[in-house]
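# Observations on the model geometry
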Amino acid sequence: MTAAAAVPGAGTPATKTARQGRLVALLTSRPVRSQAELAALLADDGLVVGQATLSRDLVELGAVRVRGEGGTLVYALPQEGGDRSPQWALSQELLDARLTRLCAELLVTAEASANIVVLRTPPGAANFLALAIDHSVMPTVLGSIAGDDTVMLITRDPQGGADVAERFLQFAAEPAAGW
């Protein structure tokens, strides 16, 4: 068997990048105490990973074990922007509040055409905003692509772009609003 094998039709390719992306999602959504527990969570997603592969992935991602609730050791990942203090299990509320704050600070315009939304930011800020969008759970957004000052979003609804663009404009106008 290969180091990682995906269940056909599961939507996750059996690539290193996809596997590590799933590891990040798991480690930032819940406390994970051991590699065996992490391997079981991956197996539940259809990714069968050997211990050596999992170990290498954790090292490459910069995962460390820290004291979690109750004093148990859990895996954590370093934060964005160079902050090397570990983070884990950020609440969706915090991620949404961060997105709202960033829209208020960075969003210049939001326009839509069918299921495509184009967000404009100051130069150099698009990747930062797109990352916040990707980390927030937005069931209406299929994905994002960022350039230097432009973020393109694709909505799930073939005509949903206008609603999503309007929501982002509301975020920029009213920082206290929620998703």
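Below, the structure is looked at part by part. Keep in mind it's a predicted model, so treat the numbers as computed, not measured. (Residues numbered from 1 in each chain as written. Predicted model: local features only at pLDDT ≥ 70, side-chain atom pairs only at ≥ 80, totals over all residues. Heavy atoms only, no water.)

### Describing the overall build of the protein
- The secondary structure content of the protein amounts to six helices and nine strands.
- In the protein, which comprises 179 residues, the share counted as buried stands at 34%.
- Across the protein, contacts joining residues at least 24 apart in sequence account for 53% of those joining residues at least 6 apart. (Helix = DSSP H or I, 4+ residues; strand = E, 2+ residues; numbered from the N terminus. Buried < 20%, exposed > 50% of the residue type's maximum accessible area, 1.4 Å probe, protein only. Contact = heavy atoms within 4.5 Å.)

### What about the sheet that holds strand E6 (residues 109-113)?
- One open sheet holds the four strands; their spatial order is E6-E7-E9-E8, and the pairing between them is antiparallel. On the outer flanks of this sheet lie E6 and strand E8 (141-146), each paired with one strand and no other. Taken over all neighbouring pairs, the strand axes of this sheet differ in orientation by 20° on average, direction set aside.
- Two strands pair when backbone bridges link them, and strand E7 (residues 116-120) and strand E9 (residues 150-155) are joined in this way by five bridges, in the antiparallel orientation. (Pairing = 2+ DSSP bridges. Axes fitted to C-alpha atoms, helices over the stretch in contact; angles between N-to-C directions.)

### Considerations on helix H6 (residues 161-173)
- Taking 1.5 Å of rise per residue, the 13 residues of H6 would be expected to cover 18 Å, and the 18 Å separating its terminal C-alpha atoms lies within 8% of that figure.
- Turning to H6, its buried residues are Gly-161, Val-164, Ala-165, Phe-168 and Phe-171. Taken down its axis, H6 places every buried residue within 115° of arc, on the same side. Opposite its buried face, H6 presents the exposed residues Asp-163 and Ala-173, each directed more than 90 degrees away. (Expected span 1.5 Å × (residues − 1). Arc of directions from axis to C-beta.)

### Looking at helix H1 (residues 16-29)
- With 14 residues, H1 extends 20 Å from end C-alpha to end C-alpha; this agrees with the ideal 20 Å at 1.5 Å per step.
- Those residues of H1 lying buried are Ala-18, Arg-19, Gln-20, Leu-23, Leu-26 and Leu-27.

### Comments concerning the packing of helix H2 (residues 35-44) against helix H3 (residues 51-61)
- One can describe the packing of H2 onto H3 by two numbers: an axis separation of 11 Å at closest approach and a directional angle of 100°. Compared by their axis directions, H2 and H3 come out roughly perpendicular. Residues Gln-35, Leu-38, Ala-39 and Leu-42 of H2 form the contact with H3, whose participating residues are Gln-51, Leu-54, Ser-55 and Leu-58.
- For the contact of H2 with H3, the class distribution of residues is five nonpolar, three polar and no charged. (Parallel < 35°, antiparallel > 145°, perpendicular 65-115°, else oblique. Nonpolar A, V, L, I, M, F, W, Y, C, P; charged D, E, K, R; others polar.)

### Brief notes about the environment of Gly-62
- Checked against the element boundaries, Gly-62 lands in the loop between H3 and strand E3 (64-67).
- Here Gly-62 falls in the partly exposed class, since its relative accessible area comes to 21%.
- Remark: the alpha-carbon pair of Gly-62 and Ala-76, spanning 14 residues in sequence, is separated by 8.5 Å.
- In this structure Gly-62 touches Ala-76 and Pro-78, once residues within four positions along its chain are discounted.

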